[in-house]
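Topology and contacts: notes
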Amino acid sequence: HKCGNEKEKSVHYITLAASQGDAEACGMLGDFFMRAECGLTNSLTLAKHYSEKYFEDAVEGDPCDNPVPAFNFSLALFHLCLERYEGILEIPGYSPIPKSLFWARRALKVDPTNDFVIKFISMVENEAKSHCTNCREGAEGSSLKRCVRCLGAWYCGKECQVQHWKAGHK
């Protein structure tokens, strides 16, 4: 969605529609803030907010028919946590990895050829499965087991999985 000559007016009406609960308008605003389009500045916080509202406000059909809000939400969540926790992503109960991967996978279901989504999922999974999520031991020479619930955490064994679960991974 590119903005026309009257971008300020179109952003005004899109914002008004979003404030009235229009899911498509929320999705558009999330994309505008993610890409800094239509005279708006890049804001991960607002991109996350409007992309998330897209799913809350959707009333008809599957809200994931549009992969853009799902991927924008995934990216914004991931990068906001990177900023907030100074690059540490695997804080029990606060890790963006499971939720970010969930939404990226939802976007990929709708658009299975999207190279950006494929590369993002691959990058996050490769980094996460390079070490145990709980004890941080490297995966060299050992195979880590993936959490079957969130599909976004890897453990060297059941003991680490139980410890991590008790620490807040739920």
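The structure we're discussing is the one just above.
Residues numbered from 1 in each chain as written. Predicted model: local features only at pLDDT ≥ 70, side-chain atom pairs only at ≥ 80, totals over all residues. Heavy atoms only, no water.

Describing the state of the cysteines
One covalent bond between the sulfur atoms of two cysteine residues makes up a disulfide. Following the criterion strictly, the structure yields zero disulfides and no others. Here C81 stays unpaired: no disulfide links it, and the sulfur of C150, its closest cysteine neighbor, is 14 Å away. Given a relative accessible area of 7%, C81 falls into the buried group. (Disulfide = S-S within 2.5 Å. Buried < 20%, exposed > 50% of the residue type's maximum accessible area, 1.4 Å probe, protein only.)

A look at the layout of surface pockets
Here the largest pocket is characterised by a volume of approximately 320 Å³. As for the largest pocket, its lining consists of 19 residues, of which G93, Y94, S95, P98 and K99 are closest to the centre. Contributing elements (two or more residues each) for the lining of the largest pocket: α4 (67-84), α5 (97-110) and α7 (158-167). It is α4 that provides the largest number of residues to the lining of the largest pocket, a total of three residues. Here the lining of the largest pocket is composed, by residue class, of 10 nonpolar, five polar and four charged. By volume, the second largest pocket amounts to about 210 Å³. Taken together, M34, R35, P67, V68, F71, N72, N114, F116 and V117 make up the full set of residues lining the second largest pocket. (1 Å grid on protein atoms, 1.4 Å probe; cavity = no way out; pocket = protein on both sides within 12 Å on 5 of 7 lines; lining within 4 Å. Points joined across faces, edges and corners; volume = space filled by probe spheres on them. Helix = DSSP H or I, 4+ residues; strand = E, 2+ residues; numbered from the N terminus. Nonpolar A, V, L, I, M, F, W, Y, C, P; charged D, E, K, R; others polar.)

Considering empty space enclosed by the protein
This structure, assessed with the given rule, holds one cavity of 30 Å³ or more. One number sums up the size of the largest cavity: a volume of about 50 Å³. Tallied by class, residues from the lining of the largest cavity come to three nonpolar, five polar and one charged.

Focus: the packing of helix α1 (residues 7-19) against helix α2 (residues 23-35)
Close contact between α1 and α2 brings their axes to 8 Å; oriented N to C, the two are set at 125°. Taken together, the axes of α1 and α2 lie oblique to each other. For the pair α1 and α2, the sense of crossing is left-handed. Within the contact between the two elements, α1 uses I14, T15, A17 and A18 and α2 uses A25, C26, M28, L29 and F32. (Axes fitted to C-alpha atoms, helices over the stretch in contact; angles between N-to-C directions. Parallel < 35°, antiparallel > 145°, perpendicular 65-115°, else oblique. Left-handed = near helix turned anticlockwise from the far one by under 90°. Contact = heavy atoms within 4.5 Å.)

Observations regarding the packing of aromatic side chains
Applying the stated criterion to the full structure yields seven aromatic pairs. When the ring of F33 is compared with that of Y50, the centres are 6.0 Å apart and the planes differ by 5°; the resulting orientation is stacked. Here the residue F33 occupies a position in helix α2, and Y50 occupies one in helix α3 (residues 44-57), the gap between them amounting to 17 residues. Neither F33 nor Y50 differs from the other in exposure class; each is buried. Through pairs of rings, three or more aromatic residues link up here, namely Y54, F55, F73, F102 and W103. (Phe/Tyr/Trp six-rings, centres within 6.5 Å; stacked < 30°, edge-to-face > 60°.)

Such coordinate-based values are descriptive only and should not be taken to indicate function.
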